[in-house]
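Observations on the model geometry
Listed here are the chains, written in short residue letters.
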Amino acid sequence: MQVVILESAEEIGRHAADIILPGVVSGAISVLGVATGSSPLPVYRALQERWVPELTGLTVFALDEYVGLPPSHPESYHAVIDREVTKPLRLDPARVHVPDGNAADPPQAGPDYERKIAEAGGVDLQILGIGGTGHIGFNEPTSSLSSRTRVKTLTPETRRDNARFFPSPDDVPLHCVTQGLGTIMDARRVLLVAQGEGKAHAVAQAVEGPLSSMCPGSVLQLHPDATILLDEAAASELTLTDYYRFVFDNRPDWQR
Ligand code: F6R
């Protein structure tokens with residue numbers, strides 16, 4: 001796991017784009033996993049600012065979707081991905097996939113999504129945020145560390161956190177379809193971004209805490225290629241910050 005502490009959200013966005021764009025241009029990244037929420041927005045802005053034509057060839061998979069919101073609802077993840085990712089990066093909408101939160105048979109939505117990911121050859125790089133509960137995707141505490149895409153119930157804390165996007169807290173859906181932790185772990189590389197003090201505890205648990213389904217993000221400790229981009233506030237509860245900075249400052253040329 002590589003932990004990089006940067007000065008601002010903008011710098012996180014730039015650093016993420018430095019990782020993603022060469023992969024897209026070289027063809028090493030042809031399937032990109034995207035997250036919704038506030039954390040990855042600086043990444044999408046940086047990609048937009050440094051737009052390259054190869055971005056249009058990407059196949060994209062979102063992590064999750066609310067159950068029961070029509071895709072036309074402005075806060076459905078279909079709509080959010082369309083607004084924040086597909087349009088600004090000029091992607092082909094036919095190649096942008098979001099789990100079906102309105103499936104007639106909700107338990108089938110998970111296996112259907114897994115099949116689409118497999119048919120695309122798997123995710124080359126997955127962008128992640130982390131919730132206050134330690135969730136990645138919407139895998140709330142006690143999610144199986146090997147779970148696959150399925151319907152989950154959001155915790156009251158996550159619903160409160162996401163209430164800022166809705167007219168009233170009661171409007172936040174109770175359920176979602178989310179990629180599982182096993183699904184996320186299948187991505188060849190993962191890039192988690194977090195900003196602000198509100199994420200400090202979850203980040204510390206995920207990076208330095210025990211491997212435990214009580215902090216689903218801790219499963220990334222098992223990923224062979226996980227990069228964690230943090231601002232100072234999100235890094236503030238980590239104990240090895242001096243070491244992470246030392247590693248970053250002394251990274252070999254081939255890692256730059
Ligand atoms: C979103 C997702 C969630 C968010 C997390 C953090 O697709 O899967 O794990 O990344 O809830 O949300 P923000 O970035 O809004 O703090």
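A brief look at the structure comes next.

Procedures and definitions
Residues numbered from 1 in each chain as written. Predicted model: local features only at pLDDT ≥ 70, side-chain atom pairs only at ≥ 80, totals over all residues. Heavy atoms only, no water. Pairing = 2+ DSSP bridges. Helix = DSSP H or I, 4+ residues; strand = E, 2+ residues; numbered from the N terminus. Core = buried A, V, L, I, M, F, W, Y, C linked by side-chain atoms within 4.5 Å. Buried < 20%, exposed > 50% of the residue type's maximum accessible area, 1.4 Å probe, protein only. Contact = heavy atoms within 4.5 Å. Patch = residues over 30% accessible without salt bridge, like charges linked within 9 Å, V, L, I, M, F, W, Y side chains within 5 Å. Areas by Shrake-Rupley, 256 points an atom, 1.4 Å probe, with all protein chains shown as cover. Salt bridge = Lys/Arg side-chain N within 4 Å of Asp/Glu carboxyl O. 1 Å grid on protein atoms, 1.4 Å probe; cavity = no way out; pocket = protein on both sides within 12 Å on 5 of 7 lines; lining within 4 Å. Points joined across faces, edges and corners; volume = space filled by probe spheres on them. Nonpolar A, V, L, I, M, F, W, Y, C, P; charged D, E, K, R; others polar. Near = heavy atom within 4 Å. Polar contact = N/O pair within 3.5 Å; in protein donor to acceptor, adjacent residues only side chain to side chain. Phe/Tyr/Trp six-rings, centres within 6.5 Å; stacked < 30°, edge-to-face > 60°. Lys NZ or Arg CZ within 6 Å of the ring centre and 35° of its normal. Axes fitted to C-alpha atoms, helices over the stretch in contact; angles between N-to-C directions. Parallel < 35°, antiparallel > 145°, perpendicular 65-115°, else oblique. Left-handed = near helix turned anticlockwise from the far one by under 90°.

**What to know about the sheet that holds strand E1 (residues 2-6)**
Taken in spatial order, the seven strands line up as E1-E10-E9-E6-E2-E3-E5 in an open sheet, and their pairing is parallel. Strands with a single pairing partner mark the edges of an open sheet, and in this sheet they are E1 and strand E5 (96-97). Relative to strand E9 (residues 189-194), strand E6 (residues 125-128) is paired through four bridges, and the arrangement is parallel. Each bridged residue has a counterpart across the sheet, and for Gln 126 the counterpart in E9 is Val 190.

**Notes on the nonpolar core**
Counting 77 residues, the largest nonpolar core has Ile 20, Leu 32, Ile 136, Leu 220, Leu 230 and Leu 238 as its most contacted members. Here this core gets seven residues from one element, more than from any other, and that element is helix H1 (residues 9-26). With sequence-adjacent residues up to four places away left out, Leu 238 is seen in contact with Val 3, Val 203, Ala 204, Val 207, Glu 208, Leu 230 and Tyr 244.

**A closer look at a nonpolar patch on the surface**
On the surface, a cluster of nonpolar side chains totalling about 400 Å² of accessible area is made up of Leu 240, Tyr 243, Phe 246 and Val 247. Checked against the element boundaries, Leu 240 lands in the loop between strand E10 (226-231) and helix H8 (241-249). Taking the relative accessible area as the measure of exposure, Leu 240 reaches 42% and is therefore partly exposed.

**Some remarks on empty space enclosed by the protein**
Throughout the structure, instances matching the rule amount to one cavity of 30 Å³ or more. There is about 30 Å³ of room inside the largest cavity. Val 67, Asp 100, Gly 101, Asn 102, Ala 103, Pro 106, Ala 109 and Val 177 are the residues that line the largest cavity. Considering only residue class, the lining of the largest cavity consists of five nonpolar, two polar and one charged.

**Considerations on the site of the ligand**
Neighbouring the ligand are 14 residues, the closest being Thr 36, Ser 39, Asp 64, His 135 and Lys 199. A distance of 2.6 Å separates an oxygen atom of the ligand from a polar side-chain atom of Thr 36. In this structure, Lys 199 approaches the ligand through a side-chain N or O atom, which is 2.6 Å from an oxygen atom. Protein coverage of the free-state accessible area of the ligand, which is 410 Å², stands at 94%.

**A look at the packing of aromatic side chains**
Counting across every chain of the model gives six aromatic pairs. Ring centres of Tyr 66 and Phe 166 lie 5.7 Å apart, and the angle between their planes is 80 degrees; this geometry places the pair in the edge-to-face category. Here Tyr 66 is found in strand E4 (residues 64-66), whereas its partner Phe 166 is found in the loop between helix H5 (156-162) and strand E8 (175-178), with 100 residues between them in sequence. In this structure Phe 166 comes out as buried when scored by relative accessible area, which is 8%. Ring centres of Tyr 243 and Tyr 244 lie 6.3 Å apart, and the angle between their planes is 50 degrees; this geometry places the pair in the tilted category. Exposure remark for Tyr 244: the relative accessible area of 11% places this residue in the buried category. Here the aromatic residues Tyr 66, Tyr 77, Phe 138 and Phe 166 are joined through ring pairs into a cluster of three or more. The ring of Trp 51 carries the charged tip of Arg 90 above its face, separated from the ring centre by 3.8 Å.

**Re the sheet that holds strand E7 (residues 150-153)**
The strand order E4-E8-E7 describes an open sheet built from three strands, whose pairing is antiparallel. Each edge of the open sheet carries a strand with a single partner, namely E4 and E7. Direction aside, neighbouring strands of the sheet carry axes that sit 30 degrees apart on average. In terms of strand pairing, E7 meets E8 through four bridges, oriented antiparallel. Residue pairing in the sheet places Lys 152 in a bridge with Cys 176 of E8.

**Re the packing of H1 against helix H2 (residues 41-49)**
At a minimum axis distance of 7 Å, the contact between H1 and H2 shows a crossing angle of 60 degrees. The angle between H1 and H2 falls in the class oblique. In terms of crossing hand, the pair formed by H1 and H2 is right-handed. Residues Ala 9, Gly 13, Arg 14, Ala 16, Ala 17, Ile 20 and Leu 21 of H1 lie in contact with H2, whose contacting residues are Pro 42, Val 43, Ala 46 and Leu 47. Tallied by class, residues from the contact of H1 with H2 come to nine nonpolar, one polar and one charged.

Keep in mind that these numbers describe shape and distance, not what the molecule does.
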